[in-house]
Amino acid sequence: MYKNYLHKNIEINVQKYWYKKNIFKTIENYNKKKYYVLCMIPYPSGNLHIGHVRNYTIGDIISRYNRMIGKNVMQPIGWDAFGLPAETTAIKKKILPSIWTYKNIKNMKKQLNLLGFSYDWDKEIITCKPNYYKWEQWFFIKLYKKKFIYKKKALINWCEHDKTVLANEQVINNNCWRCDNKIKKKKLLQWFLKTNLYSKQLLNDLKYLKHWPIKVKNMQKNWIGKNIKFKISFDILNNTKKIIIYINKIDFLLYTTYIIISIDNLISIKLSKKNDKINKFINKYKKKKKKNTKGINTNLFAIHPILNIKLPIWIVNFNLNNFYKSNIAIPKFNKDNLNFAIKYNIPIKFKISENIKKLNIKKQKKIILKKFIHLGLIKKKILYNLMDWNISRQRYWGNPIPIINIFNNILVPISQNKLPIILPENIYINNLIIPFKLNLNWSKMFIKNQYSKLEIDTLDTFIESSWYYIRYTCLKYNKNIIKLISANYWLPVDQYIGGIEHATMHLLYLRFFHKIFRDFGLINYNEPVKKLICQGMVLSHSFYYINKTKKKIWLNKKKINIILNKKKIKLKDKYNNDIKYNGMIKMSKSKNNGINLINIIKKYGSDTIRLFIIFAAPIKIELEWNEFKLIGIFKFLKRFWKIIFNHIKTKKKKKKIKILNNKQKKIIILLHKLINEVTYNIKYKQSFNIIISKIIKFINILNYFIVIKKIHNLILHECLLVLIRLLYPFIPHLCFKAWKILNEKNDIDYVSWPIFNKKLIIKKLKIIIQINSKFYTKINIKYNYNKEFIFNIIKKKKIFKKNINNILKIIYIEKKIFNVIFKK
């Protein structure tokens with residue numbers, strides 16, 4: 001055994017052993033309970049950043065713990081390898097996107113192995129490989145034949161910077177989610193997937209996601225949206241056409257004075273062909289729509305279905321965000337409508353029937369609804385905000401769409417025996433124009449005695465990451481997209497880990513695809529993921545200076561000098577630029593505030609990084625990078641190693657202890673309390689920072705007893721064996737080596753989690769049970785103090801049995817009060 005903690009030697013040797021023995025390979029074992037742990041699939045950008053390390057460390061801790069408690073654990077990894085960054089980098093560096101991608105995968109895989117993550121590398125997915133995207137093409141054809149996918153000309157979100165289309169979910173505050181540039185509206189022929197069909201299911205099934213963060217569920221709820229509206233048809237005077245309008249409140253109809261339609265309404269377009277003024281108005285504002293500025297009178301009138309009065313119809317130059325591009329104008333309640341009416345001298349007052357005017361609003365609504373329903377002019381509709389997903393991308397480095405365009409623009413899916421349509425990986429690109437449009441022979445196909453052309457768009461890369469978790473269960477299966485028996489064994493994912501920024505994109509698409517696969521009979525479950533952890537971001541200090549063009553230039557803190565001048569601190573770089581401190585912000589390449597992970601691993605070791613990341617902050621909140629605290633963790637590991645070394649050095653065979661003295665009893669009780677607390681926190685709360693805090697505290701107590709020489713070697717040995725097992729999910733390399741040194745027969749990879757002795761630590765606690773914040777009874781609890789356990793006890797009582805469905809909420813103050821609030 002090394003006297004000092006030599007992390008380089010330890011970690012390299014342990015990693016070689018794991019690789020050689022393929023320790024973490026998983027198979028379906030029906031004699032064991034399965035546990036599927038998955039971190040969101042990474043994009044191979046070149047190097048791991050600390051955000052990656054935090055995500056994957058959380059997943060690895062959960063995997064190793066569940067393996068120790070006897071579960072059959074699968075923790076796979078892969079690469080979301082298609083995408084725009086490969087193209088932009090290929091242009092800058094004048095290399096092939098494929099070469100850049102595979103080089104990055106190799107580099108990042110090496111870094112993952114250096115961190116000791118327990119992945120089953122036999123299940124590695126690379127989404128840009130034909131053996132993966134073949135099945136995506138296969139499923140695309142299935143969806144196309146069932147009319148789940150269609151092509152149409154549509155007004156889309158266009159990013160001029162990236163030269164591609166964006167789905168609605170990829171537009172944030174009217175900016176591109178990737179480059180943050182303003183998006184434009186453009187009409188293009190695009191492929192769409194009918195996500196709107198699943199709006200109701202996606203919304204209603206949120207209630208089954210009991211172990212998902214409330215914030216994520218609320219974000220999806222708001223994004224999907226549910227609106228109860230009334231669809232009303234207005235006749236047009238002396239015209240066979242009708243204007244369809246959706247309104248939220250029926251009583252607003254009584255105060256409608258005119259109708260507005262947008263320039264892309266079908267009536268506007270038809271009028272523009274006959275009326276020059278309208279034509280000029282439409283052409284003028286086609287590309288630059290402004291809010292409430294201009295309008296033009298159509299000289300047409302809609303007939304009010306209740307009051308039977310004429311309502312003038314105006315074309316406006318601002319967007320009406322609804323399907324029919326039309327709306328009622330109610331100047332009494334809408335300031336914009338009032339200003340518009342004043343500007344164009346539109347009458348805003350008329351007499352309401354005296355009978356109706358006398359009634360209160362509720363009765364007005366009833367009369368209107370009754371009359372409209374009788375006339376067949378109104379329909380109550382439930383509308384969702386979730387639109388069909390635009391899945392076309394004007395890119396080269398993506399999955400080819402398996403559709404060919406034959407004579408007269410007839411679209412025909414590729415036959416199954418010709419799949420996959422393989423994307424050529426040897427294409428150099430000079431700019432972000434689609435290479436297929438330039439001149440590619442591979443996209444030409446000879447079908448039905450004539451040349452046909454393959455669809456030139458590729459699929460949105462979010463599709464690859466929407467079903468990869470299923471393919472992990474049967475990666476080498478070639479007869480179908482999914483092997484049902486394997487998918488049903490492993491699914492759903494027991495624990496998923498990833499950032500909250502994916503709430504309304506990846507996590508929504510994941511749920512949508514899962515439901516489609518279910519409806520196609522490919523899987524059995526309604527939802528893809530049982531538990532979701534959204535880890536917090538990693539923050540770091542940031543600095544910048546303003547250059548001559550008034551642009552912020554971001555600098556790494558290592559390139560900054562601190563200058564003391566007349567008791568004032570100034571920040572300068574080597575070119576004497578005035579540096580400004582920007583605070584702690586998310587680590588990113590663009591802000592130049594990241595760290596070199598490989599250098600940190602070389603200096604302190606991967607176990608140190610893993611433990612620091614877990615100890616520095618609770619996993620769900622932001623973590624501030626601090627190298628001084630990292631050094632503190634490194635010193636702790638050296639101290640723990642020294643305790644083990646000294647124990648081995650002085651270890652002598654002693655007889656079993658027949659009677660424990662008070663100090664020995666105290667240590668044993670503290671040890672079993674520690675096992676209990678660590679087990680509870682890792683199993684129920686996932687409070688990993690609290691776990692490490694408790695372990696450090698116990699090791700400090702243990703060290704005190706060692707220093708004063710008041711601990712028996714056998715007790716110390718038992719304590720070390722327990723501590724090594726408790727720390728194994730967090731610092732696996734050190735624990736692997738330490739376990740071997742302590743002359744234990746089995747490798748720690750196959751050792752069970754320690755079990756505490758209940759008799760040593762159990763104390764009866766009295767929990768006060770309240771109903772609607774008033775005392776009801778007291779119950780004695782011996783061991784398990786979690787909310788679910790207590791509820792299972794009290795729900796057997798008569799009052800709870802009768803009112804089980806009337807429970808509004810439960811307020812639990814741990815180990816003290818359990819308050820059940822019933823609906824009144």
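Residues numbered from 1 in each chain as written. Predicted model: local features only at pLDDT ≥ 70, side-chain atom pairs only at ≥ 80, totals over all residues. Heavy atoms only, no water.

> Whenever I open this one, the side chain of H514 confuses me. Can you help?
Relative to the elements of secondary structure, H514 occurs in helix α16 (residues 506–519). Judged by its relative accessible area of 0%, H514 is buried. Within polar-contact distance, the side chain of H514 engages the side chain of Y469 at 2.7 Å. (Helix = DSSP H or I, 4+ residues; strand = E, 2+ residues; numbered from the N terminus. Buried < 20%, exposed > 50% of the residue type's maximum accessible area, 1.4 Å probe, protein only. Polar contact = N/O pair within 3.5 Å; in protein donor to acceptor, adjacent residues only side chain to side chain.)

> Sorry if this is basic, but what is going on with unusual backbone geometry here?
Leaving glycine out, the prevailing phi sign among residues is negative, and the prevailing peptide bond configuration is trans. A cis amide bond links L419 with the next residue in sequence, P420, at an omega value of 0°. When you line up the elements, P420 lands in the loop between β20 (410–413) and α13 (435–439). For the bond from L491 to P492, the omega torsion is 0°, close enough to zero to count as cis. Mapped onto the secondary structure, P492 falls in the loop between α15 (484–490) and β24 (493–497). In this model, N576 sits at a positive phi of 70°, which is unusual for a non-glycine residue.

> Sorry, what's going on with the packing of aromatic side chains here?
Centre-to-centre distance and the angle between the planes together describe a pair of aromatic rings. A complete count under the given rule lists 53 aromatic pairs for this structure. Centre to centre, the rings of Y150 and F192 are 5.6 Å apart; their planes meet at 15°, and the pair counts as stacked. You can see Y150 sitting in strand β5 (residues 149–159) and its partner F192 sitting in strand β9 (residues 183–193), a full 42 residues away along the chain. Over the aromatic face of W18 sits the side chain of R64, whose NZ or CZ is 4.7 Å from the ring centroid. The ring of Y544 has K552 lying over it, and the distance from NZ or CZ to the ring centre is 4.7 Å. (Phe/Tyr/Trp six-rings, centres within 6.5 Å; stacked < 30°, edge-to-face > 60°. Lys NZ or Arg CZ within 6 Å of the ring centre and 35° of its normal.)

> How should the nonpolar core be read in this particular structure?
Generally speaking, a soluble globular protein has its nonpolar side chains buried in company with each other. Judged by nonpolar contacts, the single largest core of 109 residues is most densely connected at L112, F640, F688, I695, I724 and F730. Broken down by element, this core gets its largest block of residues, ten residues, from helix α22 (residues 713–727). When neighbours within four sequence positions are excluded, I695 is seen to be in contact with L674, V678, L723, L726 and L727. In terms of nonpolar packing, the next biggest core, distinct from the first, is built from 72 residues, L202, L454, Y496 and M505 among them. (Core = buried A, V, L, I, M, F, W, Y, C linked by side-chain atoms within 4.5 Å. Contact = heavy atoms within 4.5 Å.)

> I tried to follow the sheet that holds strand β2 (residues 72–74) on my own but got confused; where do I start?
By definition, the strands of a sheet pair up through backbone hydrogen bonds, in either a parallel or an antiparallel sense. Strand order in this open sheet of four strands is β2-β1-β24-β25, and the pairing throughout is parallel. Sheet topology places β2 and β25 (529–533) at the edges, where each strand pairs with a single neighbour. Ignoring strand direction, the axes of neighbouring strands in this sheet form an average angle of 20°. Relative to β25, β24 is paired through four bridges, and the arrangement is parallel. Bridged to Y496 within β25 is L532. The strands touched by helix α2 (residues 50–68) within the sheet are β1 (34–39), β2, β24 and β25, with β1 carrying the most contacts at an inclination of about 170°. (Pairing = 2+ DSSP bridges. Axes fitted to C-alpha atoms, helices over the stretch in contact; angles between N-to-C directions.)

> Help me out: how do you make sense of the pairing of β5 in this one?
Along a regular strand, successive side chains alternate from one face of the sheet to the other. When β5 meets β9, the two strands line up antiparallel, connected through eleven bridges. Pairing of I149 across the sheet is with L193, part of β9. Taking the residues between adjacent antiparallel strands as the criterion, β5 and strand β6 (residues 164–166) are bridged by four residues, where K163 takes a positive phi near 55°.

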